[in-house]
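Chain and residue survey
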Amino acid sequence: MAESTKAGHAFPGAVDLSDKEFEMFRRLIFDMSGINLNEGKKELVRTRLGKRLRTGGFGSYMDYYKFVKNDISGAELVSLLDAISTNLTSFFREMGHFDFLKRVIIPELAEKKRATGDMSVRVWSAGCSTGEEPYSLAFTLMDNLETIQTWDVKILASDLSTQVLGKASRGLYTENQIKTVPKETLRKYFDKEHSDDAPLYRIKPEVRQLIQFKRFNLMSPSFPFKRKFEFIFCRNVMIYFDKPTQQTLVNKFYDVLAVGGYLLIGHSESLTGVQHRFKYVQPTVYRKMAP
């Protein structure tokens, strides 16, 4: 039996997504976020946007599409992109990058900064999801920059999804989510909180104060940052982009890095076939060597 909806339509349990509707959403999502959904993602779009249809009481995907396009506030577009975005992450994911940070980037950075007297460090976690990556960066910097209190460290943690940014800014994690955190790091940088269900672990204030969580669309025409970044982590984000989009993004990253700065991408990603100005250092690690 069909149930009525706010929009006044009969709303069956599962609404069909036509090929035409899928193509309309696919183009909208690509234009607004750079995420490139192929034909194999039709079921993913139907399932994830189906929840938005039920929440808003829309009788068809076309009704929902028209609502998104006509919503001058842009709020529903944000909700749509939240629904489509995949957010898989963990603390110290792809540990090799954190080893490289500890072994190469931080010592180089400390030597260069001390020589110039500039004690500021600017870092960008682009596509930060629920916060595990930027917090892992903060832990690594705090452990390996001598006398961290004398440094001016700021980490920009950005994502397209407001939903995951809300979780990230709270800095509260379950026992399962902190299983990849070394015990010493857990002791130093987390406070254990008890709840009715299971223990929770909250990032300590001195770590959280280093990080600014901000919604940011990597497809923005320009990156309006006043300060250059020492290194950028953008991992497992570009796998959703086609080559022209990757090329545009990588070159924008180059422009906002300081000379000598590093770009680190995911181990499932490659800049093969992408024209760029970076020097290849090792798989998934690239360096800016000239202005």
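1. Considerations on the overall build of the protein
A tally of regular secondary structure across the protein gives 10 helices and 12 strands. Here the C-alpha atoms of the protein give a radius of gyration of 21 Å, agreeing with the 19 Å that 2.2 N^0.38 yields for 291 residues. Of all 291 residues assigned to the protein, the portion counted as buried reaches 48%. Considering only intrachain contacts with a sequence separation of at least 6, the fraction spanning at least 24 residues in the protein is 74%. The protein carries 43 positive and 34 negative side-chain charges, and their two centres are separated by 3 Å.

2. Things to note about the environment of D143
Relative to the helices and strands, D143 resides in helix α6 (residues 132-144). Assessed through its relative accessible area of 39%, D143 is described here as partly exposed. For the pair D143 and G127, spaced 16 residues apart in sequence, the C-alpha separation works out to 23 Å. Dropping the residues within four chain positions of it, D143 is found in contact with K188 and Y189.

3. Points about the sheet that holds strand β10 (residues 257-265)
Spatial strand order, β8-β4-β3-β9-β10-β12-β11: seven strands in an open sheet with mixed pairing. At either end of the open sheet lies a strand with only one pairing partner, and these are β8 (211-215) and β11 (279-282). With direction set aside, neighbouring strand axes in the sheet form an average angle of 20°. Two elements, strand β4 (residues 152-159) and β8, share five bridges in a ladder whose sense is parallel. Bridge pairing in β8 places L156 opposite Q212.

4. Overview of the confidence of the model for the protein
Per-chain confidence: the protein averages 89 in pLDDT, with 95% of residues scoring 70 or above. Mean pLDDT across the secondary structure elements of the protein bottoms out at strand β1 (residues 3-4), with 36, and peaks at strand β9 (residues 229-234), with 98. Counted against residues more than four places away or in other chains, residues 1-12, with its pLDDT under 50, gives 20 contacts.

5. Here we look at unusual backbone geometry
Of note, F92 is a non-glycine position whose phi angle comes to about 55°, a positive value. Looking at the secondary structure, you find F92 in the loop between α4 (75-84) and α5 (95-116). Relative accessible area serves as the criterion here: at 11%, F92 is assigned to the buried category. The residue S129 is not glycine, and still its phi comes out positive at about 50°. Along the chain, S129 falls in the loop between β3 (120-126) and α6. When its relative accessible area of 5% is taken as the criterion, S129 is described as buried.

6. Notes on the pattern of salt bridges
Any two side chains of opposite charge can pair if their charged atoms end up close together. In total, this model carries 16 salt bridges according to the counting rule given. With a shortest N-O distance of 3.2 Å, R287 and E108 are connected by a salt bridge. Linking R287 in strand β12 (residues 285-287) with E108 in helix α5, this pair joins segments that are 179 residues apart in sequence. E108 gets classed as partly exposed once you look at its relative accessible area, which sits at 31%. In this structure, R235 engages E133 in a salt bridge whose closest nitrogen and oxygen atoms are separated by 2.8 Å. Of this pair, R235 sits in the loop between β9 and α10 (243-256) while E133 sits in helix α6, and the two are 102 residues apart along the sequence. With relative accessibility at 6%, the residue R235 sits in the buried group. Its relative accessible area of 6% is what places E133 among the buried residues.

7. Considering the sheet that holds strand β5 (residues 172-174)
One open sheet accounts for three strands, arranged β5-β7-β6; its pairing is antiparallel. Strand pairing shows two members of the sheet lacking a second neighbour, β5 and β6 (190-193), which therefore form its edges. In this sheet, adjacent strand axes meet at a mean angle of 30° when their direction is disregarded. Relative to strand β7 (residues 200-203), β6 is paired through four bridges, and the arrangement is antiparallel. Residue pairing across strands places D191 opposite R202, the latter belonging to β7.

8. Remarks on the packing of aromatic side chains
Inspection of the entire model under this criterion finds 29 aromatic pairs. Taken together, a centroid distance of 6.1 Å and an interplanar angle of 25° make the contact between F25 and Y64 stacked. On the criterion of sequence distance, the pair formed by F25 in helix α1 (residues 19-33) and Y64 in helix α3 (residues 61-70) is long-range, its members being 39 residues apart. For F25, a relative accessible area of 1% translates into the label buried. Accessibility expressed as a relative area gives 0% for Y64, which makes it buried.

Reading the values: rules and limits
Residues numbered from 1 in each chain as written. Predicted model: local features only at pLDDT ≥ 70, side-chain atom pairs only at ≥ 80, totals over all residues. Heavy atoms only, no water. Helix = DSSP H or I, 4+ residues; strand = E, 2+ residues; numbered from the N terminus. Rg over C-alpha atoms; globule rule 2.2 N^0.38 Å. Buried < 20%, exposed > 50% of the residue type's maximum accessible area, 1.4 Å probe, protein only. Contact = heavy atoms within 4.5 Å. Lys, Arg positive; Asp, Glu negative; His and termini not counted. Charge placed at Lys NZ, Arg CZ, Asp CG, Glu CD. Pairing = 2+ DSSP bridges. Axes fitted to C-alpha atoms, helices over the stretch in contact; angles between N-to-C directions. pLDDT = per-residue confidence, 0-100. Salt bridge = Lys/Arg side-chain N within 4 Å of Asp/Glu carboxyl O. Phe/Tyr/Trp six-rings, centres within 6.5 Å; stacked < 30°, edge-to-face > 60°.

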